[in-house]
There are 2 protein chains.
Amino acid sequence: MSLARMGNELRCQCIGTHSKFIPPRNIRDVKLTPSGPHCQNVEIIATLKDGREVCLEPTAPWVKIIIKAILDKAEANGEAKR
Amino acid sequence: MSLARMGNELRCQCIGTHSKFIPPRNIRDVKLTPSGPHCQNVEIIATLKDGREVCLEPTAPWVKIIIKAILDKAEANGEAKR
């Protein structure tokens, strides 16, 4: 949704963002792209389990919470044991 | 580095992680994959500006700081103005 993907990502990838909550169980992964010369916006793109890609609103509180939850889970897993 | 990519990502993608600091200016994007049936580890894969993909250690403090910095930048940008 609202995703305009270019080959080498030399411009913004999102033409809009989705700010409504998406349940974490539906999310396969989340990609964060810092702003830069290619795009003035920070872009956060979630890939859903059904393969769809959705641009998330980087300032939405639930987006930050989901990202923090992923990191906290790693901590709880004690990833180092791997 | 230490990346074993499968087509549909039905197993872990990282066979090891890089815990040494990578300067944010070298990072194009960062992908977070929650743990799940496909892989018991949270996986964080950075794509560098030279195209290399690097598995980062999810519990490394600098990794969290970089992710937080990307989110904070979005906030500072006032992304809503878009």
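Please read all numbers here as calculations on a predicted model, not as lab measurements. (Residues numbered from 1 in each chain as written. Chains lettered and ligands numbered in written order. Predicted model: local features only at pLDDT ≥ 70, side-chain atom pairs only at ≥ 80, totals over all residues. Heavy atoms only, no water.)

## Details of helix α1 (residues 61-77) of chain A
Consideration 1: The first and last C-alpha atoms of α1(A) sit 24 Å apart over 17 residues, in line with the 24 Å expected at 1.5 Å per residue.
Consideration 2: Within the span of α1(A), buried status applies to W62(A), V63(A), I66(A), I67(A), I70(A), L71(A), A74(A) and N77(A).
Consideration 3: Summarising the contacts, the buried residues of α1(A) are in contact with β1 (27-33), β2 (43-48) and β3 (53-56) of chain A together with β1 (27-33), β2 (43-48) and α1 (61-77) of chain B.
Consideration 4: Positioned one or two residues after α1(A), G78(A) has a phi angle of 60 degrees, which is positive. (Helix = DSSP H or I, 4+ residues; strand = E, 2+ residues; numbered from the N terminus. Expected span 1.5 Å × (residues − 1). Buried < 20%, exposed > 50% of the residue type's maximum accessible area, 1.4 Å probe, protein only. Contact = heavy atoms within 4.5 Å.)

## Some words on α1(B)
Consideration 1: Buried within α1(B) are the following residues: W62(B), V63(B), I66(B), I67(B), I70(B), L71(B) and A74(B).
Consideration 2: Where α1(B) is buried, its residues touch β1, β2 and α1 of chain A together with β1, β2 and β3 (53-56) of chain B.

## Points about the interface of chain B and chain A
Note on interface size: it is often stated as the accessible area lost on association of the parts.
Consideration 1: On the side of chain A, 29 residues touch chain B, which itself brings 29 residues to the contact.
Consideration 2: Between chain B and chain A, a total of about 2900 Å² is buried, with carbon and sulfur atoms accounting for 55% of that surface.
Consideration 3: At the junction of chain B with chain A, the criterion picks out four salt bridges.
Consideration 4: Measuring nitrogen to oxygen at the nearest pair gives 2.1 Å for the salt bridge that ties E75(A) to K64(B).
Consideration 5: The tally of links between chain B and chain A comes to eight residue pairs in polar contact (both at pLDDT 80 or more).
Consideration 6: Only β1 and α1 of chain B provide two or more residues apiece to the side of chain B that touches chain A.
Consideration 7: With eight residues, α1(B) is the single largest residue contributor to the side of chain B that touches chain A.
Consideration 8: Residues that form the side of chain B that touches chain A fall into these classes: eleven nonpolar, seven polar and eleven charged.
Consideration 9: As paired strands, β1(A) and β1(B) are joined by three bridges and run antiparallel to one another. Bridge assignment links K31(A) to a residue of β1(B), and that residue is K31(B). (Buried area = accessible area lost by both parts, 1.4 Å probe. Salt bridge = Lys/Arg side-chain N within 4 Å of Asp/Glu carboxyl O. Polar contact = N/O pair within 3.5 Å; in protein donor to acceptor, adjacent residues only side chain to side chain. Nonpolar A, V, L, I, M, F, W, Y, C, P; charged D, E, K, R; others polar. Pairing = 2+ DSSP bridges.)

By themselves, these observations are geometric and do not establish any function.
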